[in-house]
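# Overview (structure and organization)
Listed below are the residues making up each chain.
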Amino acid sequence: MGRMEMGLCTSCIKNCAQENSRPHTSTDVEDFLNQVQHLLTEKAPEHEWVVQGISCQRFCPPQRVTISANNQLMMSRRGGAVEDVFQVVMPKRKAAPTNT
């Protein structure tokens, strides 16, 4: 089993929630991170998924989430939902390190 560490920009997550007229709290951000980790674990159990909040230190574009995984900086393409992040990360899982 490979360990896959990834970070999601917490500012991007908050901006997406705000743009969708949803109030946001730190609990909401943690819930979003947990939902992403749960979905990844469910769909790709061959990896140990570690999802954490990061700051991308750049302008967060509308309806996008900055993703850091496999030493690559990526961006969700369609929006800022859990499924959008999942669709970007899943193709990258094959390049995950195989550390146990």
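In this report, the structure presented in the accompanying data block is examined. None of the values given here were measured: they were computed from a predicted structure. (Residues numbered from 1 in each chain as written. Predicted model: local features only at pLDDT ≥ 70, side-chain atom pairs only at ≥ 80, totals over all residues. Heavy atoms only, no water.)

With 28 residues, the main nonpolar core has M6, L8, V36, L40, I67 and V85 as its most contacted residues. Of all the secondary structure elements, the ones that give two or more residues to this core are β1 (2–9), α1 (10–19), α2 (26–43), β2 (47–54), β3 (66–69) and α3 (82–89). The leading source of residues in this core is α2, at six residues. (Core = buried A, V, L, I, M, F, W, Y, C linked by side-chain atoms within 4.5 Å. Buried < 20%, exposed > 50% of the residue type's maximum accessible area, 1.4 Å probe, protein only. Helix = DSSP H or I, 4+ residues; strand = E, 2+ residues; numbered from the N terminus.)

Scanning all chains against the criterion turns up three salt bridges. Here E5 ties to R3 by a salt bridge, and the two come within 2.8 Å at their closest N and O atoms. For R3, a relative accessible area of 33% corresponds to the partly exposed category. K43 is the salt-bridge partner of E42, the closest N and O atoms lying 4.0 Å from each other. By relative accessible area, which is 48% here, K43 ends up partly exposed. Each of R3, E5 and E48 takes part in one network of salt bridges that share partners. (Salt bridge = Lys/Arg side-chain N within 4 Å of Asp/Glu carboxyl O.)

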